[in-house]
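Here is how the chains run, residue by residue.
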Amino acid sequence: MAAVPTPPQHHPLPRELDDLELLTSGALLPTTRFNEPGSPITLTLPPELVGVEVELVDPEGLPLARVAADGEVTALTHAQFGPFRRLYLTPAQAREQHAGSTFVPVTDALDEHQIARLAAVEGRVVLVALVGHGTSTLSPVGLLRASLAAAARLADAVVVAVPLASHGDPDQDHELGVQVVTAYAGDDPVLGLTEEAGGADEAPLSDEIAAIVDFDRPPPGEQGVVLFFTGLSGSGKSTLAQAVMDRLLEEGARTITSLDGDVVRRNLSAGLTFSREDRETNIRRIGWVAAEISRHGGLAVCSPIAPFDATRQQVRRMVADAGGAFFLVHVATPLEECERRDRKGLYAKARRGEIPEFTGISSPYEAPADAALVIDTTGRSIEDCRDEVLSEIRRSRVIQ
C-alpha cells in the first residue's frame, strides 16, 4: 500500500497559532476554518503554499493540524508543553469541570478593588486569563501568575488559560472576546471587571501581585534592549554600532552582545547566499538571537543591512514578544557617499554585475518609516554620531 504523501509544512505566526488552538478547541464555533469572509481568523501562507493542503507545525516542528485549500482545519494534536499548560482547557472541559461558576475574563493583573468585588460573588469564580498574543500587556506567564495569585485570595476560584489573540481591530477583538468567553461559560454568568471603579492604574495591587508585574514588566532602563542599526553597505552602521557599544561597555551598566552582520554571516549564517530569501533568513536569525538576549535583560547591538521592512518588523515583534525594547537606528548615509567610501570594493563589483542582488544597486533598500533615530554620517566624526545616538537612547529611557 502506497504511503500517503505528507503535505508541505508551515510554521504560523504566534497570533495564528493562538487562533489555531481556538479553532481546534471549538471556542470559535460555528467558525471551523481560517479566512472566512469578514472573519479576523486568518492564516497567511507563502505564495507557493496557497491553494494546497498544508500541515501547520509549532516552533519545535510538532504537527498540530492540517489546513485544506479552503481553510478548513483538521486537528492532529494539541500543544503539549509550556508553562501552565495544565490550565489550558477547551470550552467543553471548562463547562464540565466548572458548571455553575461565574466566569470572569482577565487581561491584566487584578487590583485590590477588583479582588474585593470578586470576593462578594457567590460560588466558584473562574478567572479566564486571555493569554493570547497581544491581548495583555503582561506575558502569558506573567498574566497567569498574577491571576493565580488573585485566585488564591478568593474562597473558591480557579484559573483557565485561553489563547485569545489581538487582531488589531478593537471592535472585532471585543466581539471575538465575547464569543470566546461565552463559549467557555455556556449558560453560566459572565462578570466583566473592565467597568469596575478603580482600574489597575488607579487601585493598588497586592505586594505579591505587584512583584509579579514588576518582574514581568521591568521599568524602562531595566528591561532587555535590542539596538538595531540598519543602512546601506558603507553607511557607517557597523562602525557607529561599535562606537556606541564601546562607550556603553566603558560605562559598565550592562552585559552587551554584538551581532554585526559580517560576523553573523561567518558564524550563525555560514552557507547562506545573498539571495533575498537567504538574506531574510539571516536577519530573522539575528532577530531571534537578539530577542532571546533581551528576554534575559541583556543588550544586543545589531548592525546588518536589513533592507526589507517586513523582516525588520518580524524582528521588532520577536523582541516585543520577549519583553524587550527595540530601538531602531536608520543610518541614512546616501548611496553616493556609501559608494564613494566602498572600502571593500563591493559597489564596483556590483556595478560590473559580479555581485547579483546587491542592496542599493540591483536590489532595493526599503527605508524604515518607524526608526527611533535617522542619522546621516556624511562629513561627521564617529564620536559626534555616537553621542547623538547615545543621547537619543537616553532621552527615550531605553537605557538609563
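Overview of the structure. (Residues numbered from 1 in each chain as written. Predicted model: local features only at pLDDT ≥ 70, side-chain atom pairs only at ≥ 80, totals over all residues. Heavy atoms only, no water.)

## Here's the deal with helix 10 (residues 309-321)
With 13 residues, helix 10 should cover 18 Å at 1.5 Å per step; its first-to-last C-alpha distance of 18 Å lies within 8% of that length. Listed in full, the buried residues belonging to helix 10 are Thr-311, Arg-312, Val-315 and Val-319. Relative to the axis of helix 10, the buried residues are bounded by an arc of 100 degrees and lie together on one face. (Helix = DSSP H or I, 4+ residues; strand = E, 2+ residues; numbered from the N terminus. Expected span 1.5 Å × (residues − 1). Buried < 20%, exposed > 50% of the residue type's maximum accessible area, 1.4 Å probe, protein only. Arc of directions from axis to C-beta.)

## Some points on unusual backbone geometry
Of the consecutive residues Leu-29 and Pro-30, the connecting peptide bond is found in the cis state with omega at 15 degrees. With respect to the secondary-structure elements, Pro-30 resides in the loop between helix 1 (14-25) and strand 2 (54-57). Of note, Ala-306 is a non-glycine position whose phi angle comes to about 45 degrees, a positive value. You can see Ala-306 is positioned in the loop between strand 10 (299-303) and helix 10. Positive phi outside glycine occurs at Arg-397, with the angle close to 65 degrees. Here Arg-397 shows up in the segment after helix 13 (382-395).

## Quick word on the packing of helix 9 (residues 276-295) against helix 10
Working note: a packed helix pair is described by the angle between its axes plus the distance between those axes. Packing of helix 9 against helix 10 brings their axes to within 8 Å, and their N-to-C directions diverge by 20 degrees. The angle between helix 9 and helix 10 falls in the class roughly parallel. Regarding helix 9 and helix 10, the two cross each other, and that crossing is right-handed. Of the residues in helix 10, those in contact with Glu-280, Ile-283, Arg-284, Gly-287, Trp-288, Ala-291, Ser-294 and Arg-295 of helix 9 are Thr-311, Gln-314, Val-315, Met-318, Val-319 and Asp-321. (Axes fitted to C-alpha atoms, helices over the stretch in contact; angles between N-to-C directions. Parallel < 35°, antiparallel > 145°, perpendicular 65-115°, else oblique. Left-handed = near helix turned anticlockwise from the far one by under 90°. Contact = heavy atoms within 4.5 Å.)

## As for the sheet that holds strand 1 (residues 9-10)
If you walk across this open sheet you meet the four strands as 1-2-3-4, and the pairing is mixed. Edge strands, defined here as strands with exactly one partner in the open sheet, are strand 1 and strand 4 (73-75). One ladder, built from four bridges, connects strand 2 with strand 3 (residues 63-67); its direction is antiparallel. Residue pairing in the sheet places Glu-55 in a bridge with Arg-66 of strand 3. Strands strand 2, strand 3 and strand 4 of the sheet are contacted by helix 1, whose axis makes an angle of about 75 degrees with strand 4. (Pairing = 2+ DSSP bridges.)

## Some details on the environment of Gly-298
One can find Gly-298 in the loop between helix 9 and strand 10. Gly-298 sits in the buried class, given a relative accessible area of 5%. With residues up to four places along the chain from it excluded, the contact list for Gly-298 reads Gly-224, Val-225, Arg-254, Thr-255 and Ile-293.

## Side note on the pairing of strand 6 (residues 125-130)
Burial runs high along strand 6: six of the six residues are buried. Residues Val-125, Leu-127 and Ala-129 point to one face of strand 6 and Val-126, Val-128 and Leu-130 to the other, with burial holding for every one of them. The sheet contact formed by strand 5 (residues 102-106) and strand 6 spans five bridges and is parallel. Paired with Val-104 across the bridge in strand 6 is Leu-127. Inspection of the sheet shows strand 6 paired to strand 7 (residues 157-162) by six bridges, in the parallel sense. Its bridge partner lying in strand 7, Leu-127 is registered against Val-159. In this region the chain leaves strand 6, passes through helix 4 (residues 140-151) and returns to the parallel neighbour strand 7; the handedness of that crossover is right-handed. (Right-handed = clockwise from strand over helix to strand, strands pointing away.)

## Brief notes about helix 3 (residues 112-119)
Within helix 3, the full set of buried residues consists of Gln-114, Ile-115 and Leu-118. Seen end-on, helix 3 carries its buried residues on one side only, within an arc spanning 100 degrees. Where the residues of helix 3 are buried, they touch strand 5, strand 6, helix 4 and helix 6 (207-216). Measuring from the side-chain oxygen of the N-cap residue of helix 3 to the backbone nitrogen of His-113 gives 3.0 Å; that N-cap residue is Asp-111. (Polar contact = N/O pair within 3.5 Å; in protein donor to acceptor, adjacent residues only side chain to side chain.)

## Remarks on the pairing of strand 3
With antiparallel pairing between neighbouring strands as the criterion, strand 2 and strand 3 make up a hairpin whose turn holds five residues, including Gly-61 at a positive phi of roughly 90 degrees. When strand 3 meets strand 4, the two strands line up antiparallel, connected through three bridges. When the sheet's bridge partners are listed, Ala-65 is paired in strand 4 with Ala-75.

## A closer look at the sheet that holds strand 12 (residues 373-375)
Sheets are built from strands paired through backbone hydrogen bonds, the pairs being either parallel or antiparallel. Judged by pairing direction, the sheet is parallel, and its five strands sit side by side in the order 9-10-8-11-12 without closing on themselves. Edge strands, defined here as strands with exactly one partner in the open sheet, are strand 9 (256-260) and strand 12. Sheet twist, expressed as the mean angle between neighbouring strand axes with direction ignored, is 15 degrees. Two elements, strand 9 and strand 10, share five bridges in a ladder whose sense is parallel. Residue pairing for strand 10: Ile-256 is matched across the bridge by Leu-299. Strands strand 8 (225-230) and strand 11 (325-331) of the sheet are contacted by helix 10, whose axis makes an angle of about 155 degrees with strand 11.

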